[in-house]
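An overview of the molecular structure
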Protein chains: 2
Amino acid sequence: MNLREFSELLGLSPTTVSRALGGYPEVKEETRRKVTEAARQHGYKPNRRAASLATGRAMAIGHVIPTSLNHEMVNPVFADFLAGAGEVYSKANYDIILSVVSDGDEVRAYRQMASTGSVDGIIVHGPRTNDARIALIQDTGLPFVVHGRAPVEAAPYSFVDVDNLRAFRRATDLLLDLGHQRIGLLNGHLIMDFARRRRDGYCAALEARGTTVRSEFQFAGEMSERNGYAAARQMLRLPSPPTAFLVSSLIMAIGARRAIHEADLTLGRDVSVVTHDDMLGYLSNGDDVPIFTATRSSVRAAGRRCAEILLEQVADRTLPPVQEIWESELIMGASTGPALS
Amino acid sequence: MNLREFSELLGLSPTTVSRALGGYPEVKEETRRKVTEAARQHGYKPNRRAASLATGRAMAIGHVIPTSLNHEMVNPVFADFLAGAGEVYSKANYDIILSVVSDGDEVRAYRQMASTGSVDGIIVHGPRTNDARIALIQDTGLPFVVHGRAPVEAAPYSFVDVDNLRAFRRATDLLLDLGHQRIGLLNGHLIMDFARRRRDGYCAALEARGTTVRSEFQFAGEMSERNGYAAARQMLRLPSPPTAFLVSSLIMAIGARRAIHEADLTLGRDVSVVTHDDMLGYLSNGDDVPIFTATRSSVRAAGRRCAEILLEQVADRTLPPVQEIWESELIMGASTGPALS
DNA sequence: CTGTCTACTCAAAGCGGTTTGGCAAGATCG
DNA sequence: CGATCTTGCCAAACCGCTTTGAGTAGACAG
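Residues numbered from 1 in each chain as written. Chains lettered and ligands numbered in written order. Predicted model: local features only at pLDDT ≥ 70, side-chain atom pairs only at ≥ 80, totals over all residues. Heavy atoms only, no water.

Take helix α10 (residues 225–236) of chain A next. Side chains that are three or four residues apart share a direction in an α-helix, a result of its 3.6 residues per turn. Here α10(A) contains 12 residues, and its C-alpha end-to-end distance of 16 Å stays within 8% of the 16 Å for a straight helix at 1.5 Å per residue. Those residues of α10(A) that sit buried are Glu225(A), Asn227(A), Gly228(A), Tyr229(A), Ala231(A), Ala232(A), Met235(A) and Leu236(A). Elements that come into contact with the buried residues of α10(A) comprise β6 (183–187), β7 (218–220), β8 (244–247) and α11 (250–262) of chain A together with α11 (250–262) of chain B. (Helix = DSSP H or I, 4+ residues; strand = E, 2+ residues; numbered from the N terminus. Expected span 1.5 Å × (residues − 1). Buried < 20%, exposed > 50% of the residue type's maximum accessible area, 1.4 Å probe, protein only. Contact = heavy atoms within 4.5 Å.)

For the rest of this paragraph, the subject is the side chain of Ser158(B). All names here are of chain B. By secondary structure assignment, the location of Ser158 is in strand β5 (residues 158–162). Look at Ser158 and you get buried, because its relative accessible area is 3%. From its side chain, Ser158 meets the backbone nitrogen of Val322 in a polar contact 2.9 Å long. (Polar contact = N/O pair within 3.5 Å; in protein donor to acceptor, adjacent residues only side chain to side chain.)

This brings us to the pairing of β6(A). Residue and element names in this part refer to chain A. Among the 5 residues that make up β6, 5 are buried, leaving the element largely enclosed by the rest of the structure. Burial of the side chains of β6 extends over both faces: Ile183, Leu185 and Asn187 are buried on one face and Gly184 and Leu186 on the other. Examined bridge by bridge, β6 and β7 share 3 bridges and lie parallel to one another. The residue of β7 that forms the bridge with Leu185 is Gln218. With helix α9 (residues 193–208) bridging β6 and its parallel neighbour β7, the resulting β-α-β unit is right-handed. (Pairing = 2+ DSSP bridges. Right-handed = clockwise from strand over helix to strand, strands pointing away.)

What follows covers the UniProt feature "domain: HTH lacI-type" (unreviewed entry) in chain A. With numbering matched to this structure, UniProt assigns "domain: HTH lacI-type" (unreviewed entry) to residues 1–55 of chain A. Overall, residues 1–55 of chain A shows 71% helix and 0% strand. The separation of its end C-alpha atoms is 20 Å. (UniProt positions renumbered as here; feature names shortened; annotations may be inferred.)

Another aspect to go through is the domain arrangement of chain A. When the domains of chain A are assigned, the result is domain 1 (3–53), domain 2 (60–162 + 299–326) and domain 3 (164–297). On a C-alpha basis, the centres of domain 1 of chain A and domain 2 of chain A stand 34 Å from each other. (Domains from an automatic or database assignment.)

It takes a turn of 180° to lay chain B on chain A, together with a shift of 0.0 Å along the axis; the resulting RMSD is 0.1 Å. Both chain copies can therefore be described as sitting about a two-fold axis. Relative to the rotation axis, the closest C-alpha in chain B is found at Ile97(B), a distance of 2.4 Å. Comparing interface residues between copies, 100% of those in chain B also lie at the interface in chain A; the contact surface is shared. (Least-squares fit on C-alpha atoms with pLDDT ≥ 70 in both.)

Contact residues are listed per partner, giving 49 residues for chain B and 50 residues for chain A. Summed over both partners, the interface of chain B with chain A buries about 4700 Å², with 57% contributed by carbon and sulfur atoms. Area buried by chain B at its contact with chain A is led by Lys45(B), Arg49(B) and Tyr282(B), which between them contribute 16% of it. Between the two partners, chain B and chain A, sit 0 salt bridges. Where chain B meets chain A, there are 12 residue pairs in polar contact (both at pLDDT 80 or more). Every element with two or more residues in the side of chain B that touches chain A is listed here: α4 (48–55), α5 (77–91), β2 (95–102), α6 (106–115), α10 (225–236) and α11 of chain B. If you tally residues by element for the side of chain B that touches chain A, the top one is α5(B), at 6 residues. Taken together, the residues that form the side of chain B that touches chain A break down as 19 nonpolar, 18 polar and 12 charged. (Buried area = accessible area lost by both parts, 1.4 Å probe. Salt bridge = Lys/Arg side-chain N within 4 Å of Asp/Glu carboxyl O. Nonpolar A, V, L, I, M, F, W, Y, C, P; charged D, E, K, R; others polar.)

Have a look at this one:
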């Protein structure tokens, strides 16, 4: 059923029907009522592609999700981020266009989205330390919002980020205050901006206290359960092992916990753990008492906020960039305790 | 840059340029070379919406992901499923149109996708026992593939599913063979088709051996870490607690493991666990030796296969439905052992 | 040298909407 | 009561592409 057929059915012109459904004031209220009612009954909905073409607005936002670096892992925070963003989009009647690409093709995917005009705006996920994508998208003139940020701020752009440096600096301070001198860092890949900031926070705290920063206490790689386990295990086998771990994701922390148990140590007594918690829906960090002491920030809320900002920028292209840096909560759980002397 | 401008630039007609880029045989090879080269250089790409409108093909597949039942959880398998499907789509130059909706609006989302013609086909996720969506989509005439299946088979449709009943029957048999008499089931919501089939497999195995099926040994709900923990804890506190658990997802099993540790019991000795493992990228079930004994089937592979089938059906609407039921592997890990008498 | 074929290329008609610029009919005003 | 506004509707142009059907130039044969 297309507009012409539908309008003939009603004995009206396509123009009037389109206006009636579009909420324009030029049609009589009664006519509008008749039209909307008939549309509901016959299931008429304007063809989205045609409407897009005519208005120039795609009514869609592009997300590119890369399947990670070398492995085939897809970052588990995407699901929650998309859920948050999706809430906002669906209220505004926007679609998500998702492009799942292997790491190398990412830039191509962004370029394609921009040049084929299939989206009105773009969300950039997982910014790298030197991220070619940002300059690229800036060139296209398409509105975009970055979840996280990249250090190079050639021209300012919108982003929503957690204050990762501060979060990890506070977490490290906490462990130092508890008397821990040997602290392992289980981090994400260092090409990721957030991982680098977290490491900087960790190093800054250690250096401020005159504690040596040791490379054998640092792991950087994919944040999987497996890697958390393997890295923690290896560090625990060192002649003088860490008494505490600072971990970049709850999933990795669960891996670390496995290694701790396996070494017949007790979490929160023999070994302390502080982790970052993205508050993923299916992986809550305990109910009343948190399992892990954690720096906490909802990735779902970030998704919502990024979407809001982006839709505003799409609606009004002249708006200045919005930059938000969120403070993460530091919550005390059962996984930290004083260092055993 | 649009086709008209671009073709004027080249001194050719829009038709010829379109044909050259489309790979039609009516243009001279040399002309085609010139055109593609210029397109690359000037960054010309046909506008997707316009092309769609002209050809009638949307070059997009719709996925609807519901944020689960009562809670705000979004199923973590989506990310991996989408990654698998995305591999196939991007090769075929198809987009994913994602609609994230809260549970109630799901049907509306499907109807909308179908009637606005923004997609060429649909993937249905997480079929329920009585699923209205399937009949609805069948009505629209749009090709679709179900990941999983629903019991009502009014008219046959395409699906890819794991043989859940058989998998859980085998797993239960394994535990029974090890001497376990009291086996807890930590399952998903029973309105989900897969959960019901798994329960049926569990019950069938118990009944075949004359073992009583007890309701206090069955939990059905959201498959989160938290629920796995809470349900296992509660069952372990029963006067005569289970000596083994059968769990529907690795995340839930990790929750159960936490409860087991907390009760000062040892996994694989005091309490056995068999779980289903979707092989999510970030949550591997151990490396060489699996942590958990598990029924295993890759959700990513399922995503790939569903996408393949769907694209075939889109290309040729007359194709008969494809129904695949995959056998899951039963792999032996360190979480199962003989029942302590 | 003319007629027929082949190989390219083009103009124009959609695809299904939105939107501009009119045009009648009825309402309002002097 | 005629002139001027509103109000409510419509015809037609346009968004950017694909594709049909027609046309032109050159190759080749007679």
